[in-house]
Amino acid sequence: MANGIVDKVKEQATSIWGKVHGSQVAESILRPGSPFKKGYSDTPRNRSYVIMNNVLYHLHPVKVKRHGVRLSYTLCLGGISFFLFILLTITGIFLMFYYAPTAEAAYVDVEALSTSVAFGSLVRNMHRWGAHLMVLSVFLHMSRVFYHGAYKPPREFNWVVGVILLLLTLLLSFTGYLLPWDQLALWAVTVGTNMAGFVPVFGDQVKFALLGSVEVTGDTILRWYVLHVLAFPFIIVIFMAVHFWRVRKDGGISGPL
Amino acid sequence: MSDIPEHLLRRSAEAKAKALGIPVEQVLAEMTGEAPVTAMDAGDQPKVETVEAVPQTPAETSMPVAQDAPQTDAAVEVAAEEQAEATAAGPADGAGGEIDYEAAAAKAGMPASLLQRSVEAKAKASGASAAQVLAEMLGEEAPSAPPATAPAPESAPAASTPEPEPTADAVSADVIDMPPAAAAPAPATSAPAASAQPPATGGATAVAARPIAQPEAVPEGVRTQRLLTVVKANAIQQVKAEPTDKVSTWPHLMIMEFAVLLGVTALLIVLSVILQAPLLESANFTATPNPSKAPWYFLGLQELLSYFDPQIAGVTVPTIIGLVGFMAIPYVDKNPSNKPSDRKFAIFMYTFFMMGSATLTILGVLFRGPGFNFTYPWVDGIFFDDLKDWVNFE
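What counts, and at which threshold
- Residues numbered from 1 in each chain as written.
- Chains lettered and ligands numbered in written order.
- Predicted model: local features only at pLDDT ≥ 70, side-chain atom pairs only at ≥ 80, totals over all residues.
- Heavy atoms only, no water.
- Helix = DSSP H or I, 4+ residues; strand = E, 2+ residues; numbered from the N terminus.
- Buried < 20%, exposed > 50% of the residue type's maximum accessible area, 1.4 Å probe, protein only.
- Contact = heavy atoms within 4.5 Å.
- Areas by Shrake-Rupley, 256 points an atom, 1.4 Å probe, with all protein chains shown as cover.
- Core = buried A, V, L, I, M, F, W, Y, C linked by side-chain atoms within 4.5 Å.
- Buried area = accessible area lost by both parts, 1.4 Å probe.
- Salt bridge = Lys/Arg side-chain N within 4 Å of Asp/Glu carboxyl O.
- Polar contact = N/O pair within 3.5 Å; in protein donor to acceptor, adjacent residues only side chain to side chain.
- Axes fitted to C-alpha atoms, helices over the stretch in contact; angles between N-to-C directions.
- Parallel < 35°, antiparallel > 145°, perpendicular 65-115°, else oblique.
- Nonpolar A, V, L, I, M, F, W, Y, C, P; charged D, E, K, R; others polar.
- Expected span 1.5 Å × (residues − 1).
- pLDDT = per-residue confidence, 0-100.
- Phe/Tyr/Trp six-rings, centres within 6.5 Å; stacked < 30°, edge-to-face > 60°.
- Lys NZ or Arg CZ within 6 Å of the ring centre and 35° of its normal.

Colleague: Break down the overall build of chain A for me, citing the residues and quoting the values.
Modeller: When its secondary structure is counted, chain A shows 12 helices and one strand. Helices and strands appear in chain A in the N-to-C order α-α-α-β-α-α-α-α-α-α-α-α-α. Across the 257 residues of chain A, 47% fall into the buried class. Taking contacts inside chain A between residues at least 6 apart in sequence as the whole, the part at least 24 apart equals 63%. Accessible surface for chain A amounts to roughly 13100 Å². Of this, 70% is attributable to carbon and sulfur atoms.

Colleague: Provide a residue-level description of the nonpolar core, including the pertinent values.
Modeller: One finds Trp 181 of chain A together with Tyr 297 of chain B to be the most contacted residues of the largest nonpolar core, which totals 38 residues. When residues of this core are traced back to their parent elements, those giving at least two are α7 (106-116), α9 (156-178), α10 (183-196) and α12 (218-249) of chain A together with α14 (296-305) and α16 (344-366) of chain B. In terms of residues, this core owes the most to one element, α10 of chain A, which gives seven residues. What Trp 181 of chain A contacts, discounting residues up to four positions off in sequence, is Ala 103, Ala 106, Tyr 107, Leu 186, Val 216, Thr 217, Gly 218 and Ile 221 of chain A together with Ser 282, Ala 283 and Phe 285 of chain B.

Colleague: Any chance you could break down the interface of chain A and chain B for me, citing the residues and the numbers?
Modeller: Across the boundary between the two partners, chain A contributes 73 residues, which contact 74 residues of chain B. The junction of chain A with chain B conceals about 7100 Å² of combined surface from both sides, 70% of it contributed by carbon and sulfur atoms. Put simply, chain A and chain B have two salt bridges between them. When the shortest N-O distance is used, the salt bridge between Asp 245 of chain B and Arg 66 of chain A registers 2.9 Å. The interface formed by chain A and chain B includes 35 residue pairs in polar contact (both at pLDDT 80 or more). Sorting the residues of the side of chain A that touches chain B by element identifies α3 (44-52), β1 (63-65), α4 (66-69), α6 (77-96), α7, α8 (120-147), α9 and α10 of chain A as the ones contributing at least two each. At 17 residues, the largest contribution of residues to the side of chain A that touches chain B is made by α8 of chain A.

Colleague: Tell me about the side chain of His 60 of chain A, and please be specific about residues and values.
Modeller: Tracing the backbone through its elements, the reader meets His 60 of chain A in the loop between α3 and β1. Apart from residues no more than four positions distant in its own chain, His 60 of chain A is found in contact with Ile 51 and Arg 248 of chain A together with Thr 249, Leu 253, Met 254 and Glu 257 of chain B.

Colleague: Could you give an account of the packing of helix α11 (residues 203-211) of chain A against α12 of chain A, with specific residues and numbers?
Modeller: All names here are of chain A. The N-to-C vectors of α11 and α12 enclose an angle of 80°; their axes lie 8 Å apart at closest approach. Considering the angle they form, α11 stands roughly perpendicular to α12. Counted together, Phe 208, Ala 209, Leu 210 and Leu 211 of α11 and Asp 219, Thr 220, Arg 223 and Trp 224 of α12 form the full contact between these two elements. The residue inventory of the contact of α11 with α12, partitioned by class, reads five nonpolar, one polar and two charged.

Colleague: Go over the pattern of salt bridges, please, and point to the residues and values.
Modeller: When charged atoms on two side chains of opposite charge get close, those side chains can pair. Evaluated as defined, the whole model comprises seven salt bridges over all chains. As a salt-bridge pair, Asp 42 of chain A and Arg 47 of chain A come within 2.8 Å of each other at their nearest N and O atoms. As a salt-bridge pair, Glu 14 of chain B and Arg 10 of chain B come within 3.3 Å of each other at their nearest N and O atoms. In this pair, Glu 14 of chain B and Arg 10 of chain B both sit in helix α1 (residues 6-20), four residues apart, roughly one turn of the helix. The exposure class of Glu 14 of chain B is partly exposed, given its relative accessible area of 38%. Overall, the relative accessible area of 34% leaves Arg 10 of chain B in the partly exposed class.

Colleague: Talk me through unusual backbone geometry; I want residue IDs and the actual numbers.
Modeller: At the junction of Pro 153 of chain A and Pro 154 of chain A, the peptide bond is cis and its omega measures out at 5° in the coordinates. Counting through the fold element by element, Pro 154 of chain A comes out in the loop between α8 and α9. Residue Pro 291 of chain B is bonded to the preceding Asn 290 of chain B through a cis peptide linkage, with omega at 0°. As for its position among the elements, Pro 291 of chain B is in the loop between α13 (249-274) and α14. Look at Leu 75 of chain A: it is not a glycine, yet its phi comes out positive at around 55°. Considering the arrangement of structural elements, one finds Leu 75 of chain A in the loop between α5 (71-74) and α6. For Leu 75 of chain A, a relative accessible area of 48% corresponds to the partly exposed category. Positive phi is not limited to glycine here, since Cys 76 of chain A has a value of about 55°. Relative to the assigned elements, Cys 76 of chain A resides in the loop between α5 and α6.

Colleague: Residue-level account of the packing of α9 of chain A against α10 of chain A, with values.
Modeller: Residue and element names in this part refer to chain A. Between α9 and α10, the least distance of the axes is 7 Å, while the angle of their chain directions is 135°. One way to sum up the angle between α9 and α10 is to call them oblique. Counted together, Phe 174, Tyr 177 and Leu 178 of α9 and Leu 184, Ala 185, Leu 186, Ala 188, Val 189, Gly 192 and Thr 193 of α10 form the full contact between these two elements. Tallied by class, the residues present in the contact of α9 with α10 amount to eight nonpolar, two polar and no charged.

Colleague: A description of α16 of chain B should follow, citing residues and the corresponding values.
Modeller: Since the α-helix advances by 3.6 residues per turn, residues separated by three or four positions end up pointing in the same direction. Between its terminal C-alpha atoms α16 of chain B stretches 32 Å, which fits the 33 Å expected from 23 residues at 1.5 Å a residue. Turning to α16 of chain B, its buried residues number three or more, namely Ala 346, Ile 347, Tyr 350, Met 354, Thr 361, Gly 364, Val 365 and Leu 366 of chain B.

Colleague: Tell me about the environment of Gly 39 of chain A, and please be specific about residues and values.
Modeller: Residue and element names in this part refer to chain A. Tracing the backbone through its elements, the reader meets Gly 39 in the loop between α2 (24-29) and α3. Residue classification places Gly 39 among the exposed positions, given a relative accessible area of 73%. Each C-alpha atom of the pair Gly 39 and Gly 22 lies 9.1 Å from the other, and the pair is 17 residues apart in sequence.

Colleague: Which residues make up the side chain of Gln 302 of chain B, and what are the values?
Modeller: For Gln 302 of chain B, the position within the fold is in helix α14. Residue classification places Gln 302 of chain B among the buried positions, given a relative accessible area of 8%. In this view, Gln 302 of chain B contacts Val 191 and Met 195 of chain A together with Ser 292, Lys 293, Ala 294 and Phe 372 of chain B; residues no more than four positions away in its chain are not counted.

Colleague: Describe in detail α14 of chain B, supporting the description with residues and values.
Modeller: Within α14 of chain B, 10 of the 10 residues are buried, leaving the element largely enclosed by the surrounding structure. Listed in full, the buried residues belonging to α14 of chain B are Trp 296, Tyr 297, Phe 298, Leu 299, Gly 300, Leu 301, Gln 302, Glu 303, Leu 304 and Leu 305 of chain B.

Colleague: Help me get a handle on the confidence of the model for chain A, residues and values and all.
Modeller: Within chain A, residue pLDDT values average 91, and 100% of them lie at 70 or more. No element of chain A has a lower mean pLDDT than α11 of chain A, which averages 84, and none a higher one than α6 of chain A, which averages 96.

Colleague: Which residues make up the packing of aromatic side chains, and what are the values?
Modeller: Evaluated as defined, the whole model comprises 20 aromatic pairs over all chains. When the ring of Phe 94 of chain A is compared with that of Tyr 98 of chain A, the centres are 5.4 Å apart and the planes differ by 50°; the resulting orientation is tilted. Looking at Tyr 98 of chain A, the relative accessible area reads 36%, which means it is partly exposed. Here Tyr 99 of chain A and Tyr 225 of chain A contribute two aromatic rings whose centre-to-centre distance is 5.6 Å and whose plane-to-plane angle is 35°, an arrangement assigned as tilted. With Tyr 99 of chain A in the loop between α6 and α7 and Tyr 225 of chain A in helix α12, the pair connects residues that are 126 residues apart, well separated along the chain. Chaining the aromatic ring pairs together yields one cluster made of Phe 146, Tyr 147, Tyr 151 and Trp 159 of chain A together with Phe 326, Tyr 350 and Phe 353 of chain B. Over the face of the ring belonging to Tyr 177 of chain A we find Arg 128 of chain A, whose NZ or CZ atom lies 5.0 Å from the ring centre. Arg 343 of chain B extends its terminal NZ or CZ atom over the ring of Phe 146 of chain A, reaching a point 5.2 Å from the ring centre.

Shown next as structure tokens:
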């Protein structure tokens, strides 16, 4: 009796799923060759279509060198850096809902995040540790590229773009450092910007432009907030696009050694 | 054959053996040329073989080409006469009756269908009979100049058209009626229309001086083309790229990336659940903490600042070495090899620099206490707020 009902339910579910899966809506969403499409079969042609008929074609070619797929070759460090950037964007957008970039509100908001916002503490922690991990993974990615000699022709310029990306990563991390507006933020940024003041000739001007004042003030928060959530992400996305595009145009992954 | 890497050959042989249902050893032997090829799979040979099997188009017996255009006076004369003949013959008898293309093809060493097409096209363009053209192509008569009645395509090098000036006495009157494209050194960029009705400026004077006649031989609506050159099959089908060992991005790479993505997310969540991000008391301009430290990635610099003049350590080192120097690496390191054994110096330099930076950073993070003086973390604890909540030596 019970088995009969289960079978019937299963049958119904399968039939409904079949209709949904084969419907015009599903067909219109999934392009030919999608592994989620009804009746997908694992053929060489479909394996090509998965990439070719997909927005992923902007990132990946249809085929890659066999040694490049081995985890031990790249350690996926570039991919990890990129993915951490995406995670930081997501968690950062969440944090923006609860944060006002003023001297009065900033610290209170960050404190409230840990006590009165669901998952607030977790997301803030993810954002902070994720940022440290990203700086680390970008450094390691650069080292991996160096040790493989992967900056050699025709990839010279992509290495230059990579160094710019490292600089932008550091700037993103450093501008975010100030935003909690606690003692750690204030004085770390003071020390950091004092170093910028040692730039020869126009050191004071550089420092003034960075801080919006001769020293760290409430105005600096707004300035660094805009840089952190808008300006630098905008610039880094452009450079990342060039970086990824050049990886493919310069012949895909380097090597084998 | 021998330039295919061993493992690729092996893989190919295995796939082929599976498809044909014969032992791998046999396939391997076939592929390396030690055994006759199994009958049914002639088309399944590796690429390199196919290239060599392509029938070679004999360039020697092919039509005269642009670069062969006569340069000497005598040759110009011949060309001009041919031209006149062709013009007189007209297109009426272009079909040329029955021609044995098979026999001609065997003689020329090229496929009959190709030969027929090219002969017919040339006959149509020049207005000569197909039989005549064929005979020329097979070398039974003196090769003719490119059919100059054709309004030269824009790209046709004007230099290759014979300059008629020195031979003007030798050729008959109707040669003078040649279209100006061939009769005068037309400006290199002139389009066919422009050469027929020369602009009244500059280099067109020479053309304007002689009577201009419209080409009569080319019937209305016939698109005339000149064959510039015949490229040997080998020249365009040569496979230059080394065979590389590739796999499909889906699923091989994508699965790996997805796994890494999940792993990173999991690691970050676990880290964030265990470790609380630091949040000290509210910013206070009057209470300077001792020591004041920069974020960890700048602490190596801060450490340098405690040894050197700030102009050197704070600016010169990070901007010159850190940025310009790093960007310049590919342009300074001219060594083309990427084998570690060939680039010991580069690897040593990079490792040295990285180790130096790491040492400075670790010193700055762990071994600097109040007043940025040396301390031992296992004696006085850690003076670094990002770490001190979760690394404890006591």
